[in-house]
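# A structural walkthrough
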Amino acid sequence: MAAAAASSASEPEAEAKIGPQIGPKAEGEEDEAKDTRRRRKVLSRAVAAATYKSVGSGWDPQAEGVSESDGDEEYAMASSAESSPGEYEWEYDEEEEKNQLEIERLEEQLSINIYDYNCHVDLIRLLRLEGELTKVRMARQKMSEIFPLTEELWLEWLHDEISMALDGMDREHVYELFEKAVKDYVCPNIWLEYGQYSVGGIGQKGGLEKVRSVFERALSSVGLHMTKGLAIWEAYREFESAIVEAARPIAGFLSPFDREQTFDSQLEKVHSLFRRQLAVPLYDMEATFAEYQEWSEDPVPASVVESYNKALQQLERYRPYEEALLQAEAPRLAEYQAYIDFEMKVGDPARIQLVFERALVENCLVPDLWIRYSQYLDRQLKVKDLVLSVHSRAVRNCPWTVALWSRYLLAMERYEVDQQTVSVTFEKALSAGFIQATDYVEIWQTYLDYLRRRVDFQQDSSKELEELRSTFTRALDYLKQEVEERFNESGDPSCVIMQNWARIEARLCNNMQKARELWDSIMTKGNAKYANMWLEYYNLERAHGDTQHCRKALHRAVQCTSDYPEHVCEVLLTMERTEGTLEDWDVAVQKTETRLARVNEQRLKAAEKEAVLAQQEEEKAEQRKRVRAEKKALKKKKKMRAGDKPRADEDEEKEWGDDEEEQPSKRRRVENSLPLANESTGLDAAPAGRRAPVEVDPPSKQKEKAASLKRDLAKVLHDSSKESITVFVSNLPYSLKEPESNLRPLFETCGEVAEIRPIYSKRGDFRGYCYVEFKDEKAALQALELDRKDVEGRPMFVSPCVDKSKNPDFKVFRYSTALEKHKLFISGLPFSCTKEELEEICKVHGTVKDLRLVTNRAGKPKGLAYVEYENESQASQAVLKMDGMTIKENVIKVAISNPPQRKAPEKPEARKAPGGPMVPRQIYGARGKGRTQLSLLPRALQRPTSTAPQAENGPAPPAAVTSEASEAPKMSNADFAKLLLRK
């Protein structure tokens, strides 16, 4: 039968077909077969006892060798065989002492941080290995109170408890564990174990009803599971069928009335289970229908056939999503999301709930999935017990997510849970360890809103109102002490909580005096310089205060506001124009004019200071350019060979390749013009000490020859069609010998390499970068994974090949620049700290998925690192424990990874050509104007434009200077010469 086989199979589609097997069985299959026979024996004996209770005394169970305790003993033996295999035989050797030391270390670690999930798992494993049954039970109990346990942990615990169960009290304890297990996650295997274990207690009072109750609840929970629900249906049906078969021999001896009450009613239960199952779309439905046809003595009713055909059609609609889940690898979040979207469109609440539960089994640490599930339950189903249960499970799985706690508190208020329970839940939220200061502000806001809605403001004073005020005070103290001490910020710079308190006092309690005190406190916390804060206070006074306090608030705002003082001044003048006296108007005008004049003066000074700083930066940049040019010229002069005459009009910097093409041509011209020693010229040899006349081409012909030679050389033009199969490799060592032959074996591991093009300088030196072209795009994509690979002591950079002239904004940065709550940023590390050493320190606080030491282009460490944990909870705990830690006499800083926003690169400053419009630098070519090219514009004409800063960096230059420069008359060459001679 299928029930026993399903109990040991993890996937229905993986179950072995019943029938003769060809060839020898593997060891695992033999164990499975033994387990199947053992469970069948348990089921048959238990069912026999149930039949005796059902059909009366006409059948003697003792004659068949059945007792009421047989089910318990057999199931205990089966479970013991499963949970105590040979690898758990304990050996007392020196390893035992090592395990004891590790147990003590883990217990000490949990005393420091009770939320260390991996520490709990390791402790349970070691205690179980050492045979500490009492301690392992306590350890499991503590862990289950903090975290929901996985299916594997629950099954291991249940099997251990079943093997130790001796009497009815122990059985009740196991039942309680099963009830806890099925609440954590929807797991078909746990429900199947629950049903089979309850069969073992069928001989006890109420045992038969207990079995049926468990199986019915299992069907409600996982009966719609298309791949694993089949095992539950068949186990339940097999149980009821076994009762029928056991009662069949004595059915003929019963009276018609007793037969109808017992045998016929039991037969109808089996028919009902077949009909219910065939109406549900499940895998292998055809085999179930064929089995029903064979089992039933009567033809299958037309209504059942119709339901069966309808279920087959539904199965075909669901099959693509189930197949996608079977083919994908865990956690299969994207596949589950698509499945959920499909079920949402169909709209069946039971199936929507099931697919959410299936997704959460593998993605229990994804807060967004819990939020979506709870939101659906809140808005659609609105079943109190179900909604609150899901919210409770959500915060146990993702306690670091403030949105889940806020939704939980709102749901408890929505379903009128008592205040004591809500308060306890709120206190748990405060101790959950949020990773941002703003999270604490949000949870306090939610709880304060809840308390505010409980207050009856029609009464002058009440217990609820006093509790609300005291909670506001506690919230402010908590943010100032606890949160600010941990995050170096309160998380509430705008004092949102105090603003809400002030509004409640003013609008609901008619206590403007208290509201003004709160606003005074808000302004003293650094908010007095913001216009919007003053206007918020002004609006509150306008609505619930008086004109005198409104005027006073605006006068203070005019004096203190620094961001938008014009707006505040405008509001003050508007109020005095509509409500004030002439004297009030005069005072307001005088104050606003004085304030605005001072503000303009301050802005002008700031702009001038900024302009001076900008000018100093420009001068420093020019000075650095001059120093570099002088050093380069000096270096070039030292290398110049004797007899070479440098060209005075030659640019210092040309497009690469020009120099190495022209220099050989010069040598060839000189060599070709000299007569050879063995060549008869018909002329007398030149006298000693005199050089023979050399025929030298004029400069124009020399340039033509160089240009023709340059055209003859092969050039590799950029081919945009090959960008997808080409990668750009940079940061290679300049000393790399034969780059093509050295790099080819490295890149051939990714695919077939078509060509490697290293780039050389004018002198033939390798410039440290090259292009690698592959045969196909897949190999190029795989080559990107070689980024940062060490090549002769330097990290090699591998990036896509992109034409920057067409895509100037293209940037390659492989790491995220957004907030990553599961990743840490560590600074202040000693340069000698290795990746392995840091990983040993970090893995104490959780599972380290990735660790990256930041290095410079030469591969040297910068004392920075990024550590990625498995989830946000582990990262949060690591911040608490590692921040301020000393490593090799260096105090490190640890924070959640949240890199600052990268500023977009500024476009090159436009330059003004003499007598013409602003011309961008790119007009001079790909590499810009040569550094050694002299500007023929006299300095006297350059001064007005060189000192004029950009409009965005400071004020515009005086009008007189600008007009003089712009309206200067055209000058001749003689005028230019005179200006130069003045210098």
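Every value quoted in this text rests on a predicted model; they were computed, and no experiment measured them.

### Quick look at the overall build of the protein chain
- Counting its regular elements, the protein chain contains 37 helices and 13 strands.
- Put simply, the protein chain has 983 residues, and 38% of those count as buried.
- The long-range share in the protein chain, meaning contacts at least 24 apart out of those at least 6 apart in sequence, stands at 64%.
- As displayed, the protein chain has an accessible area near 57700 Å², and 51% of this comes from carbon and sulfur atoms.

### Considerations on the environment of glutamate 291
- Relative to the elements of secondary structure, glutamate 291 occurs in helix 13 (residues 285-295).
- By relative accessible area, glutamate 291 is classed as partly exposed at 28%.

### Brief notes about the pairing of strand 1 (residues 726-730)
- A large share of strand 1 lies buried, amounting to four of its five residues.
- Inspection of the sheet shows strand 1 paired to strand 3 (residues 766-774) by four bridges, in the antiparallel sense. Along strand 3, the bridge assignment pairs threonine 726 with glutamate 773.
- Bridging between strand 1 and strand 5 (residues 794-800) involves four bridges; their strand directions are antiparallel. Counterpart to serine 730 in the pairing with strand 5 is phenylalanine 797.

### A closer look at the pattern of salt bridges
- This model, assessed by the stated rule, comprises 43 salt bridges.
- In this structure, the salt-bridge partner of aspartate 520 is arginine 556, at a minimum N-O distance of 3.4 Å. Remark: arginine 556 occurs in helix 26 (residues 547-560) and aspartate 520 occurs in helix 24 (residues 512-527); sequence separation between them is 36 residues.
- Taking the shortest distance from any N to any O, the salt bridge between aspartate 765 and arginine 763 comes out at 3.8 Å.
- Linked by salt bridges that have partners in common, Arg128, Arg140, Glu156 and Asp160 make up one network.

### Thoughts on the nonpolar core
- Membership of the largest hydrophobic core comes to 160 residues, with the highest contact counts inside it found for Phe178, Ile190, Trp191, Phe434, Ile443, Trp444 and Trp519.
- Residues Val729, Phe766, Cys770 and Ala783 belong to the second largest nonpolar core, which totals 21 residues.

### Some thoughts on the pairing of strand 2 (residues 753-760)
- One ladder, built from six bridges, connects strand 2 with strand 3; its direction is antiparallel. Each residue of the ladder has a partner; that of glutamate 755, found in strand 3, is glutamate 773.

### Thoughts on the sheet that holds strand 5
- One open sheet holds the five strands; their spatial order is 2-3-1-5-4, and the pairing between them is antiparallel. Unpaired on one side and paired on the other, strand 2 and strand 4 (789-791) mark the two borders of the sheet. Adjacent strand axes in the sheet meet at a mean angle of 30 degrees when their direction is disregarded.

### Regarding the side chain of asparagine 871
- Position of asparagine 871 relative to the elements: it lies in the loop between strand 8 (861-869) and helix 34 (872-882).
- A distance of 2.9 Å separates a polar side-chain atom of asparagine 871 from the backbone nitrogen of glutamine 874.
- With near-sequence residues (within four places) excluded, asparagine 871 lies in contact with Leu365, Trp400 and His822.

### Focus on the packing of helix 27 (residues 565-579) against helix 28 (residues 582-639)
- In contact at an axis separation of 10 Å, helix 27 and helix 28 are set at 170 degrees when each is read in the N-to-C sense. Compared by their axis directions, helix 27 and helix 28 come out roughly antiparallel. Packed against helix 27, whose contacting residues are Pro565, Glu566, Cys569, Leu572, Leu573, Glu576 and Arg577, the element helix 28 presents Asp584, Trp585, Ala588, Val589, Thr592, Leu596, Val599 and Arg603 at the interface.
- When the residues that make up the contact of helix 27 with helix 28 are grouped by side-chain class, the tally is nine nonpolar, one polar and five charged.

### Thoughts on the confidence of the model for the protein chain
- Confidence in the prediction of the protein chain, expressed as mean pLDDT, is 78, and 72% of residues score 70 or more.
- Helix 1 (residues 2-8) is the least confidently modelled element of the protein chain, averaging 34 in pLDDT, while helix 19 (residues 402-414) averages 96, the highest of any element.

### Description of unusual backbone geometry
- At the junction of alanine 330 and proline 331, the peptide bond is cis and its omega measures out at 10 degrees in the coordinates.
- Along the polypeptide, proline 331 turns up in the loop between helix 14 (302-327) and helix 15 (333-346).
- Phi at arginine 332 takes a positive value of approximately 55 degrees, unusual for a residue other than glycine.
- Following the sequence through the fold, arginine 332 ends up in the loop between helix 14 and helix 15.
- With phi around 60 degrees, asparagine 488 is a residue other than glycine that occupies positive phi space.

### Digging into the packing of aromatic side chains
- One pass over the full model with this rule turns up 31 aromatic pairs.
- Measuring from ring centre to ring centre gives 5.2 Å for tyrosine 117 and phenylalanine 147, while their planes differ by 80 degrees; the resulting arrangement is edge-to-face. Highlighted residues: tyrosine 117 in helix 5 (residues 117-130) and phenylalanine 147 in the loop between helix 6 (133-146) and helix 7 (151-164), separated in sequence by 30 residues.
- Accessibility expressed as a relative area gives 25% for tyrosine 117, which makes it partly exposed.
- Here phenylalanine 147 falls in the buried class, since its relative accessible area comes to 9%.
- Judged by centre distance (6.0 Å) and plane angle (25 degrees), the ring pair of tryptophan 191 and tyrosine 194 falls under stacked. Here tyrosine 194 and tryptophan 191 lie together in helix 9 (residues 188-200), a separation of three residues that amounts to about one turn. A single burial state applies to tryptophan 191 and to tyrosine 194, both of which are buried.

What counts, and at which threshold
- Residues numbered from 1 in each chain as written.
- Predicted model: local features only at pLDDT ≥ 70, side-chain atom pairs only at ≥ 80, totals over all residues.
- Heavy atoms only, no water.
- Helix = DSSP H or I, 4+ residues; strand = E, 2+ residues; numbered from the N terminus.
- Buried < 20%, exposed > 50% of the residue type's maximum accessible area, 1.4 Å probe, protein only.
- Contact = heavy atoms within 4.5 Å.
- Areas by Shrake-Rupley, 256 points an atom, 1.4 Å probe, with all protein chains shown as cover.
- Pairing = 2+ DSSP bridges.
- Salt bridge = Lys/Arg side-chain N within 4 Å of Asp/Glu carboxyl O.
- Core = buried A, V, L, I, M, F, W, Y, C linked by side-chain atoms within 4.5 Å.
- Axes fitted to C-alpha atoms, helices over the stretch in contact; angles between N-to-C directions.
- Polar contact = N/O pair within 3.5 Å; in protein donor to acceptor, adjacent residues only side chain to side chain.
- Parallel < 35°, antiparallel > 145°, perpendicular 65-115°, else oblique.
- Nonpolar A, V, L, I, M, F, W, Y, C, P; charged D, E, K, R; others polar.
- pLDDT = per-residue confidence, 0-100.
- Phe/Tyr/Trp six-rings, centres within 6.5 Å; stacked < 30°, edge-to-face > 60°.

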